[in-house]
Amino acid sequence: KQEVTQIPAALSVPEGENLVLNCSFTDSAIYNLQWFRQDPGKGLTSLLLIQSSQREQTSGRLNASLDKSSGRSTLYIAASQPGDSATYLCAVTSSGSARQLTFGSGTQLTVLP
Amino acid sequence: DTGVSQNPRHKITKRGQNVTFRCDPISEHNRLYWYRQTLGQGPEFLTYFQNEAQLEKSRLLSDRFSAERPKGSFSTLEIQRTEQGDSAMYLCASSLAPPLAFKGYTFGSGTRLTVV
């Protein structure tokens, strides 16, 4: 059974800092990995999708990497802003035909002005 | 296309009542997923449809839960005889099924259920 772990559970940084969020998964047989952002009481916004054959994806100040063999992914946020404050969720797509997502519990990020 | 739409946004119900939620996916997406998220946790898979067929159900989906997707368009999730433990955010997501070009999952804003 796939398990996804995110460390740290919470992180508080001053505005302008670069930061890294970590995600690990137990079964390396994945199709892809997706990072989402969730604001309090809201749904999920997709940030980056990395296919299993890819090593990284970039979008603006965000960069996500994937090391499938070691079961790890990182989300790098450059020059953090207070508007980046949210919970960041990592999810992997299982190898079964359903292709459902298995999520971590998230990292709650607070960027202080 | 306005993305994945879920209604209602919030629902407060008394224990023992039945509730129904609706999800309208992105029109060209043939897969539709339901997830449940409790406070401080990531979403957990409940069930999914490919077109109108319900192909997989999680063990989390007890017999009080039923989902439908008539005509392969919108979907409904019904919970009968609600319990306080059903209080959660119910999220709907849609995607294209392989081997079509996969561009990730698009989630709706969710329905927040509170059972009192």
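Everything here concerns the structure above.
Residues numbered from 1 in each chain as written. Chains lettered and ligands numbered in written order. Predicted model: local features only at pLDDT ≥ 70, side-chain atom pairs only at ≥ 80, totals over all residues. Heavy atoms only, no water.

Draft legend 1. Geometry of the overall build of chain A. Scanning chain A for helices and strands turns up zero helices and 11 strands. Ordered by position in the sequence, the α and β elements of chain A form the string β-β-β-β-β-β-β-β-β-β-β. Its C-alpha radius of gyration of 14 Å places chain A within 12% of the 13 Å reference for a compact globule of 113 residues. C-alpha extents for chain A along the principal axes are approximately 45 × 30 × 20 Å. Across the 113 residues that make up chain A, the buried fraction comes to 43%. By sequence separation, contacts in chain A at least 24 residues apart represent 54% of the contacts at least 6 residues apart. (Helix = DSSP H or I, 4+ residues; strand = E, 2+ residues; numbered from the N terminus. Rg over C-alpha atoms; globule rule 2.2 N^0.38 Å. Buried < 20%, exposed > 50% of the residue type's maximum accessible area, 1.4 Å probe, protein only. Contact = heavy atoms within 4.5 Å.)

Draft legend 2. Structural detail: the nonpolar core. Ranked by size, the top nonpolar core spans 22 residues in total, and within it Phe25(A), Leu33(A), Trp35(A), Leu75(A), Ile77(A), Tyr88(A) and Leu109(A) carry the most contacts. For this core, the secondary-structure elements that each account for two or more residues are β3 (19-25), β4 (32-38), β5 (44-51), β7 (62-67), β8 (72-77), β9 (86-93) and β11 (107-112) of chain A. Here Ile77(A) is in contact with Glu17(A), Asn18(A), Leu19(A), Arg61(A), Leu62(A), Asp84(A), Tyr88(A) and Leu109(A), once residues within four sequence places are set aside. Among the nonpolar cores identified, the runner-up in size contains 19 residues, and Cys23(B), Leu46(B), Ile79(B) and Val115(B) belong to it. (Core = buried A, V, L, I, M, F, W, Y, C linked by side-chain atoms within 4.5 Å.)

Draft legend 3. Here's a closer look at the pairing of β7(A). Residue and element names in this part refer to chain A. Pairing of strand β6 (residues 56-59) with β7 involves four bridges; the strand directions are antiparallel. What sits directly across from Glu-56, in β7, is Ser-65. In sequence, β6 turns back onto β7 through a hairpin of two residues, with Gly-60 there showing a positive phi of about 60°. Pairing between β7 and β8: six bridges, direction antiparallel. Considered in β8, the bridge of Leu-66 is made with Ser-73. Turn length for the β7-β8 hairpin, with the two strands adjacent in sequence and antiparallel, is four residues, and the turn residue Gly-71 shows positive phi of about 70°. (Pairing = 2+ DSSP bridges.)

Draft legend 4. Representation of the interface of chain A and chain B in the model. At the junction of the two partners, chain A supplies 22 residues and chain B supplies 24 residues. At the boundary of chain A with chain B, total buried surface from both sides reaches about 1,600 Å², with 51% on carbon and sulfur atoms. Summed over the shared surface of chain A and chain B, the number is zero salt bridges. The tally of links between chain A and chain B comes to four residue pairs in polar contact (both at pLDDT 80 or more). Those elements that place two or more of their residues in the side of chain A that touches chain B are β4, β5, β9 and β10 (101-103) of chain A. Within the side of chain A that touches chain B, the residues separate by chemical class into seven nonpolar, 12 polar and three charged. (Buried area = accessible area lost by both parts, 1.4 Å probe. Salt bridge = Lys/Arg side-chain N within 4 Å of Asp/Glu carboxyl O. Polar contact = N/O pair within 3.5 Å; in protein donor to acceptor, adjacent residues only side chain to side chain. Nonpolar A, V, L, I, M, F, W, Y, C, P; charged D, E, K, R; others polar.)

Draft legend 5. Examining the sheet that holds β3(A) more closely. All names here are of chain A. Judged by pairing direction, the sheet is antiparallel, and its five strands sit side by side in the order β1-β3-β8-β7-β6 without closing on themselves. Sheet topology places β1 (4-7) and β6 at the edges, where each strand pairs with a single neighbour. For this sheet the average axis-to-axis angle between neighbouring strands, irrespective of direction, equals 15°. (Axes fitted to C-alpha atoms, helices over the stretch in contact; angles between N-to-C directions.)

Don't take any of this as a statement about function, it's just geometry.
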